[in-house]
Amino acid sequence: FPVGGDNLSITQGVVSRVDMQEYVHGCAELLAVQIDAAINPGNSGGPAFGSDDECVGVAFQSLKDGQTENIGYVIPTCVVHHFLDDVLRNGSYHGFAELGVELQRCENASLRSHCGMGTKHSG
């Protein structure tokens, strides 16, 4: 049960971002849905439902930076399905393929100059 009681409870959250986030428990950066509802011990791992009562993901972590409140993250069902399909097919989870490429925005004028980028180049 969620913290503070011994009955089930429902929290309504609004999606505020869909972005790549680092998963605390998996040390991987995958797709995550940010919501304006707290994820506390007891409701982590629970289902997140959309407005049509369809499961859209699993509640899994919250942002605790000392400056924000009630920001939680949901693992979307497409990521959950990928995990389950991999385990069923191969007997273990192999993760997502990675290109091994790191990107850096070149907005700083000094960095752009060092990389030989002209004024008409973007990046």
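In case you missed it, the structure is sitting above this.
Residues numbered from 1 in each chain as written. Predicted model: local features only at pLDDT ≥ 70, side-chain atom pairs only at ≥ 80, totals over all residues. Heavy atoms only, no water.

### Here's the deal with a nonpolar patch on the surface
Stage number 1. Residues F83, L84, Y93 and F96 make up a contiguous nonpolar surface patch of roughly 350 Å² in combined accessible area.
Stage number 2. Take F96: it is sitting in the loop between α1 (77-90) and α2 (109-114).
Stage number 3. Overall, the relative accessible area of 35% leaves F96 in the partly exposed class. (Patch = residues over 30% accessible without salt bridge, like charges linked within 9 Å, V, L, I, M, F, W, Y side chains within 5 Å. Areas by Shrake-Rupley, 256 points an atom, 1.4 Å probe, with all protein chains shown as cover. Salt bridge = Lys/Arg side-chain N within 4 Å of Asp/Glu carboxyl O. Helix = DSSP H or I, 4+ residues; strand = E, 2+ residues; numbered from the N terminus. Buried < 20%, exposed > 50% of the residue type's maximum accessible area, 1.4 Å probe, protein only.)

### A short note on the sheet that holds strand β1 (residues 15-23)
Stage number 1. Ordered in space as β1-β2-β5-β4-β3, the five strands form an open sheet in which the pairing is antiparallel. Strands with a single pairing partner mark the edges of an open sheet, and in this sheet they are β1 and β3 (47-49). The mean angle between the axes of side-by-side strands here comes to 45 degrees, regardless of whether they run parallel or antiparallel.
Stage number 2. In the packing of α1 onto the sheet, the strands contacted are β1, β2 (28-35), β4 (55-62) and β5 (72-76), and the crossing angle to β5 comes to about 50 degrees. (Pairing = 2+ DSSP bridges. Axes fitted to C-alpha atoms, helices over the stretch in contact; angles between N-to-C directions. Contact = heavy atoms within 4.5 Å.)

### A look at the environment of G13
Stage number 1. Its place among the elements puts G13 in the segment before β1.
Stage number 2. As a C-alpha pair, G13 and F83 span 70 residues in sequence and 25 Å in three-dimensional space.
Stage number 3. In this structure G13 touches D36 and A37, once residues within four positions along its chain are discounted.

### Notes on the packing of aromatic side chains
Stage number 1. Taken as a whole and judged by the stated rule, the model has two aromatic pairs.
Stage number 2. Taking 4.6 Å as the distance between ring centres and 45 degrees as the angle between the ring planes, the aromatic pair formed by Y23 and F60 counts as tilted. Of this pair, Y23 sits in strand β1 while F60 is found in strand β4, placing the two residues 37 residues apart along the sequence.
Stage number 3. According to the relative accessible area criterion, Y23 is buried, its value standing at 8%.
Stage number 4. F60 gets classed as buried once you look at its relative accessible area, which sits at 8%. (Phe/Tyr/Trp six-rings, centres within 6.5 Å; stacked < 30°, edge-to-face > 60°.)

### Some remarks on the pairing of β4
Stage number 1. The pairing of β3 with β4 spans three bridges and is classified as antiparallel. Within the sheet, the bridge partner assigned to F49 lies in β4 and is C55.
Stage number 2. Linking two consecutive strands that pair antiparallel, namely β3 and β4, is a turn of five residues; a positive phi of about 65 degrees is found at D53 within it.
Stage number 3. Relative to β5, β4 is paired through five bridges, and the arrangement is antiparallel. When the bridges of β5 are listed, V58 appears paired with I75.

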